[in-house]
Every structure is written in C-alpha cells, then in structure tokens.
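Examination of the molecular architecture
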Amino acid sequence: MTTEAALRDEIVRVGASLYARGYAHATAGNISARLDDGWLITPTDACLGTLDAARLSKVDVHGLHVSGDRASKTLSLHRAIYAAEPSARCVLHTHASHLVALTLAGTWRDDAIVPPLTPYVVMKVGRVPLVPYARPGAPEVATLVQEAIAQAHADGRRLRAVMLDRLGPVAWHDSPAAAMAVLEELEETAKVWLLSGRSAAPLDADALEALRSAFNAVW
C-alpha cells in the first residue's frame, strides 16, 4: 500500500519530469491521486516543475478542502473521472504542444484523435476521443468525459485518456508514473502523425488483430 507521503513525493517527481521534458509549461496542467479518504491534487496555478509535496491540496470524499493550498479548478473533472473509472488512481492533465496543435490542424476522428499508427499507441493508450472546447474548469466537461468513459465501457473498451479541444490531454491510470506514460505515448504519436503530414497509414486490421491476440490490446 502506497502511503500518502510517498504519493505526495511521486506527484512532485512526475510533475518535475513532465516539466523538464517539455510536456508541461508555465502553470498549465494538474495532477491528482486517489486516497482512501479523498484525493490529493496540485494547487490552482501551480507550476508542475516546482511542486511542494507539503502544499499539495488534499480534499475529502465530498471534494471539500482539508489541507494544503487551494485545489486546481479542474477538481470536478478529476473527481468525475474517478467516479466513472474505478481503476483510476491518478489523473493528470497538461497542455502538451503537439496534441494541442493537432486539435488546431484537425484530428483523425472525433472518437480517435490519432490513428493506430504504432503498436504501442494501440497497446498502451488505445482510442482517445476529442472533447469539444469549453473554457478551463467548465463543469460541462466533466459530464462529457464521464459519457465518453461510459461509451467506451459499453463498447468493451477502457479509456486511458481524452483530449480537450485546444487545451490538452487528460490521462489516467493506476499510478502517477503509469498515467505519465500514457500521456507521453499519446503526445509522441501526435508528433509523429503531424510530422507525416497527417497522411501516414494506420495499422491494418490484421495487425490490430495480432496485437489483440498477443497482448489483449483493444482498439
């Protein structure tokens, strides 16, 4: 069982890693993690590169502030994801440049912003739907993301991320490190597809079936 102290340190480490490698910038982005008695989340307008473990915001199971600085304005979105996807233990959001650029240039499809270009985006990420633009912190975004998660479950898939139009990716997994890996793979796939002029062919049906058979990957 990961202690709260260890989880605080891991959030700081992941935030610094994302910032140092250009996946996050300025005060854009946020990270949260599930606790038995609520959640930890980065403070509003905090820089992911300079987080202080002791100042992370802690909220209870009702979303009420317990300790630390004031919670990020995206708290309602994070809580909606945890409610819709019980396996999620960490949620993170950045304004990753190539993914934001992709929404400006035009995504592959609304239900899959990038095609299945590589085996790893299929195995590690899966389909990522586009969520229509709304202002940062808009309450309707939480509802749209919950609906996307529910639709994926109904289709026999599990979402690991969504893309907020003009804002950036939101990724989740069972730990901060695993959620970061999802975001990295998605951002790199967007970069590759943009570099190809958005013309690279996706993996064909036989290749996707081979990934399903070998790794239980669902696209």
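Scroll up to find the structure this text is about.
What comes next concerns the included structure. Keep in mind the model is a prediction, meaning the values are calculated, not measured.

In this section: empty space enclosed by the protein. Applying the stated criterion across every chain yields a total of 1 cavity of 30 Å³ or more. Here the largest cavity is characterised by a volume of approximately 30 Å³. As for the largest cavity, its lining consists of Val131, Pro132, Tyr133, Ala134, Val141, Leu164, Asp165 and Leu167. Residues that form the lining of the largest cavity fall into these classes: 7 nonpolar, no polar and 1 charged.

What follows is about helix H1 (residues 4-20). Helix length check: H1, at 17 residues, gives a terminal C-alpha distance of 24 Å against a target of 24 Å (1.5 Å per residue), a fit within 8%. All of the buried residues along H1 are Leu7, Arg8, Ile11, Val14, Gly15 and Leu18. With its buried residues spanning 130° around the axis, H1 presents them on a single face. On its buried side, H1 packs onto strand S1 (30-35), strand S2 (38-41), strand S3 (57-59), strand S4 (65-67), strand S5 (90-93) and helix H6 (176-195). Positioned one or two residues after H1, Gly22 has a phi angle of 85°, which is positive.

Let us look at the side chain of Arg157. Here Arg157 is to be found in the loop between helix H5 (139-154) and strand S7 (161-164). Exposure remark for Arg157: the relative accessible area of 16% places this residue in the buried category. Side chain to side chain, Arg157 and Asp155 meet in a polar contact 3.5 Å long.

How each quantity is defined
- Residues numbered from 1 in each chain as written.
- Predicted model: local features only at pLDDT ≥ 70, side-chain atom pairs only at ≥ 80, totals over all residues.
- Heavy atoms only, no water.
- 1 Å grid on protein atoms, 1.4 Å probe; cavity = no way out; pocket = protein on both sides within 12 Å on 5 of 7 lines; lining within 4 Å.
- Points joined across faces, edges and corners; volume = space filled by probe spheres on them.
- Nonpolar A, V, L, I, M, F, W, Y, C, P; charged D, E, K, R; others polar.
- Helix = DSSP H or I, 4+ residues; strand = E, 2+ residues; numbered from the N terminus.
- Expected span 1.5 Å × (residues − 1).
- Buried < 20%, exposed > 50% of the residue type's maximum accessible area, 1.4 Å probe, protein only.
- Arc of directions from axis to C-beta.
- Contact = heavy atoms within 4.5 Å.
- Polar contact = N/O pair within 3.5 Å; in protein donor to acceptor, adjacent residues only side chain to side chain.

Distances and angles like these do not, on their own, reveal function.
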